[in-house]
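Tertiary structure, described
Spelled out, the chains give:
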Amino acid sequence: MQSKLSGKQCPIDHDHESRAYASSWPDQYREMRSECPIAWSKNHGGYWVASRYRDIVAIAQASDVFRSNKTYDAENDVVKGGVLIPPGTSVRGLPIETDRPEWDSYRSFINRKFAPKASEVRRERVRHFTTEMIDRVIETGKLDFVHDLTGPVPAMATMELMGLPLEEWREHADAMHEIVFLPKESEEFGKALERFNWVYQRCAEEFRRYRELPEEDNLLSYFAHGQIDGRPVTEEEALGYALNILAGGVDTTTSLTTHTLVYLYENPEERERLIAEPELLPTAREELVRYFSPMHGIARNVVEDFDIGDVKMEAGDRVFLPWSSGNRDPEIFDEPEKIDLARFPNRHIAFGAGMHRCIGSFMARVMFEEMLTQILERMPDYKVDVSAAERYPSVGTINGWINMPATFTPGKKRLV
Ligand code: HEM
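Anyway, here's the lowdown on the structure attached to this text.

Rules used throughout
- Within each chain, residue numbers correspond to sequence positions counted from 1 in written order.
- A pLDDT threshold of at least 70 governs which residues receive local features in this predicted model, and a stricter bar of 80 or more applies before side-chain atom pairs are shown or counted, although totals over entire chains, interfaces and linings include all residues.
- Side-chain descriptors were evaluated using all non-hydrogen atoms of the structure, hydrogens and water having been removed beforehand.
- Helix numbers and strand numbers start at the N terminus; a helix is a DSSP run of H or I with at least 4 residues, a strand a run of E with at least 2.
- Every radius of gyration here is taken over C-alpha atoms, with the globule rule written as 2.2 Å times N^0.38, N being the number of residues.
- Each residue is assigned to one of three classes by its accessible area relative to the maximum for its type, calculated with a 1.4 Å probe on protein chains only: buried under 20%, partly exposed between the two thresholds, exposed over 50%.
- We call two residues contacting when some pair of their heavy atoms lies within 4.5 Å.
- The charge count treats Lys and Arg as positive and Asp and Glu as negative. His and the chain ends do not count.
- Charge positions are represented by NZ for Lys, CZ for Arg, CG for Asp and CD for Glu.
- The near set for a molecule or strand comprises every residue that places at least one heavy atom within 4 Å of it.
- Each polar contact in these results corresponds to two N or O atoms within 3.5 Å; when the atoms are within protein, one needs to be able to donate a hydrogen and the other to accept it, and residues that are neighboring in sequence are counted only if both atoms are side-chain atoms.
- Nonpolar residues are Ala, Val, Leu, Ile, Met, Phe, Trp, Tyr, Cys and Pro. Charged residues are Asp, Glu, Lys and Arg, and all others, Gly as well, are polar.
- For Na, K and Ca the donor cut-off is 3.2 Å, while for other metals it is 2.8 Å, and in both cases only N, O and S atoms qualify; water is not among them, so sites may look incomplete.
- In this analysis, the protein atoms alone were mapped onto a 1 Å grid. Cavities are point sets where a 1.4 Å probe fits without being able to get out; pockets are open sets with protein on both sides within 12 Å along at least five of seven lines; lining residues have an atom within 4 Å of a point.
- Grid points are joined across faces, edges and corners, and a volume is the space filled by probe spheres set on the points.
- Residues enter patches when they are more than 30% accessible in relative terms and free of salt bridges; like-charged ones are connected within 9 Å and nonpolar ones (Val, Leu, Ile, Met, Phe, Trp, Tyr) within 5 Å.
- Where accessible areas are quoted, they stem from the Shrake-Rupley method and a 1.4 Å probe; at the residue level, only the protein chains shown are allowed to cover.
- Just to be clear on terms, a salt bridge is a Lys or Arg side-chain nitrogen sitting within 4 Å of an Asp or Glu carboxyl oxygen.
- We treat two strands as partners when DSSP finds at least two bridges between them.
- To define a nonpolar core, start from buried Ala, Val, Leu, Ile, Met, Phe, Trp, Tyr and Cys residues and group those joined through side-chain atoms within 4.5 Å.
- Any cysteine sulfur atom paired with another within 2.5 Å is treated as part of a disulfide.
- Think of each axis as a best-fit line through the C-alpha atoms, taken over the contacting stretch in the case of a helix, with angles from 0 to 180 degrees between the N-to-C directions.
- Note on terminology: angles under 35 degrees are roughly parallel, angles over 145 are roughly antiparallel, angles of 65 to 115 are roughly perpendicular, and the others are oblique.
- Crossing handedness: left-handed means the near helix sits turned counterclockwise from the far one by under a right angle, and right-handed means the same turn made clockwise.

**A short note on the overall build of the protein chain**
- Check the secondary structure of the protein chain and you find 15 helices and 17 strands.
- Relative to the 2.2 N^0.38 estimate, which gives 22 Å for 416 residues, the radius of gyration of the protein chain is 21 Å and therefore close to what a compact globule would have.
- Summarising its shape, the C-alpha atoms of the protein chain cover approximately 65 × 55 × 40 Å along the three principal directions.
- Taking all 416 residues of the protein chain together, 59% fall into the buried category.
- Restricting to contacts in the protein chain with at least 6 residues of sequence separation, those with at least 24 account for 71%.
- Charge centroids of the protein chain, computed over 51 positive and 69 negative side chains, lie 3 Å from each other.

Here is the structure:
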């Protein structure tokens, strides 16, 4: 569809950090895709928002012009660039906040640790964590899905992958959740930063400890002993990796699984269908990740003037890419506002597009499948208390839930 207005003629009041966005984003993006596909928001210092699938993908693929790198000017305490609007912490996430050619080295160094086979090997442990967490509540008939299951399982699996002590999972996970969902201008964000700094410290201590030990099968140990382009990994690089992987690992799959549980509660015939036809799980999984787009969007930095359609972007501009809007674009998906558990093919961009496409997607799929399968087996009649459930106040980075109380018919433990 031809746009009626474009570029800076098309000012919008887009602020993915706001509470208004959290309740109205599907409508906002629907209107933008048809009226103002690439629009200008004056918030957070001004940035473009591309709402159509084809523009989002084109920008994500033009990684020589639309960059992710972040720099930190310590003297003036100013963060520039990076993938967050407004800019996040001073730590540069690796490989997410790097560009070519650096990115090639950083990504290839960790690629095989996240390959489908490596993620599949982790399935048994993910299943064990799920069984253990469900065992803790199965005889009581009640739980909070986020606190007791969908939060802990990805957090524990990520802690083990990283080589961090399992018993610290809650502190790490809470710090990473808060840093993501609290609006950066809010008072609480300051406290969340302190907790985030604690995570940073713990990763640094463990990295140094692994340096003194023979190599073990976890990422911090791999960083402590590995070489990138023929030289040892620095502590700063190890921490950049750790924070990117912890942020990816602890929040996104939690959000996907929690949204799915609400959807299946509100649509009991869909729950029955998944229980009766477990072979639907792979298409259902992709459809649910499309529809809920747990990572709503991400930013890029324009480094040279670039025309896209009749919009002229200039070097120094910033752009927000809402995967969530691309995933509901009727140009690509029939009836995009509807969940079709059998949708195939499904060219969703919930895991991104272009070279930064999610490295953890295979692991996310394993965690989602294990949690959902066991919930449907062991508490198939669960009921969610939606009125008591709380969403993240800000969903523009991660579209998640703070808590979700539920009840079910009690059952038996599996582990002795
Ligand atoms: C449903 C779950 C997940 C979703 C929806 C998701 C989404 C995404 C998206 C959209 C990107 C692209 C970012 C960009 O273009 O700048 C990304 C990158 C990334 N994700 Fe995920 N993610 C998920 C799970 C995970 C998990 C489980 C991990 C690790 C344990 C992880 C680690 C990463 C890393 C390290 C990157 C950066 C890749 C690069 O820059 O080359 N993600 N993710």
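**Quick notes on the site of the ligand**
- W103, R107, R300, H356 and C358 are the nearest of the 25 residues found near the ligand.
- Between I96 and the ligand, the recorded distance is 3.5 Å, taken from a backbone N or O atom to an oxygen atom.
- Measuring from an oxygen atom of the ligand, one finds a side-chain N or O atom of W103 at 2.9 Å.
- Looking at the shell around the ligand, the elements with two or more residues in it are α3 (102-111), α11 (235-266), β10 (297-302) and α15 (361-378).
- With six residues, α11 is the single largest residue contributor to the shell around the ligand.
- Residues of the shell around the ligand, tallied by class, amount to 15 nonpolar, eight polar and two charged.

**Looking at the coordination of the iron atom of the ligand**
- There is one protein donor for the iron atom of the ligand, namely C358 (SG), at 2.3 Å.
- Turning to its location among the elements, C358 is positioned in the loop between α14 (323-326) and α15.

**A closer look at the layout of surface pockets**
- A volume near 290 Å³ is recorded for the largest pocket.
- If you list the elements that add at least two residues to the lining of the largest pocket, you get α1 (19-35), α11 and α13 (281-292).
- Examining the composition of the lining of the largest pocket, we find that four residues originate from one element, α11, more than from any other.
- Among the residues forming the lining of the largest pocket, the class breakdown is 10 nonpolar, three polar and three charged.

**Some words on a negative patch on the surface**
- Taken together, the side chains of D64, E304, D305 and E314 define an acidic patch exposed on the protein surface.
- Its location among the elements puts E304 in the loop between β10 and β11 (306-308).
- E304 gets classed as partly exposed once you look at its relative accessible area, which sits at 44%.

**Thoughts on the sheet that holds strand β14 (residues 383-384)**
- Taken in spatial order, the three strands make up an open sheet running β7-β17-β14, and their pairing is antiparallel. Strand pairing shows two members of the sheet lacking a second neighbour, β7 (142-144) and β14, which therefore form its edges.
- In this sheet, strand β17 (residues 405-407) lies alongside β14 in antiparallel orientation, the contact comprising two bridges. Among the inter-strand pairings, K383 is bridged to a residue of β17, identified as T407.

**A word on the pattern of salt bridges**
- Within this structure, the stated rule accounts for 31 salt bridges.
- Put simply, E102 and R92 hold a salt bridge, and the shortest N to O gap is 3.0 Å. Taken together, the residues E102 in helix α3 and R92 in the loop between β6 (78-81) and α3 connect sequence positions 10 residues apart.
- Among the residues examined, R92 registers a relative accessible area of 22% and is labelled partly exposed.
- With a shortest N-O distance of 2.8 Å, R123 and E370 are connected by a salt bridge. Highlighted residues: R123 in helix α5 (residues 123-138) and E370 in helix α15, separated in sequence by 247 residues. Here R123 matches E370 in class, with each residue buried.
- Taken together, the shared-partner salt bridges in this structure form one network comprising E120, R123, E124, R127, R285, E286, R365, E369 and E370.

**Examining the nonpolar core**
- With 106 residues, the main nonpolar core has F145, M162, F223, Y241, L288 and M379 as its most contacted residues.
- Aside from chain neighbours lying at most four places away, what touches M379 is I134, V137, I138, L143, F145, Q374 and F408.
- By size, the runner-up hydrophobic cluster in this structure holds 24 residues, among which are A50, L321, W323 and F333.

**Digging into the state of the cysteines**
- Under the counting rule described, the total for this entry stands at zero disulfides.
- Free cysteine: C203, not disulfide-bonded; nearest cysteine sulfur from C358 at 18 Å.
- With relative accessibility at 30%, the residue C358 sits in the partly exposed group.

**Notes on the packing of helix α9 (residues 188-211) against α11**
- Running from N to C, α9 and α11 point in directions that differ by 125°, and their axes come no closer than 10 Å. Relative to α11, α9 is oriented oblique. The handedness of the crossing between α9 and α11 is right-handed. Counting all contacts with α9, which are made through F196, V199, Y200, C203, A204, F207 and R208, the residues of α11 involved are E235, A238, L239, A242, L243 and L246.
- Of the residues that constitute the contact of α9 with α11, the class distribution is 11 nonpolar, no polar and two charged.

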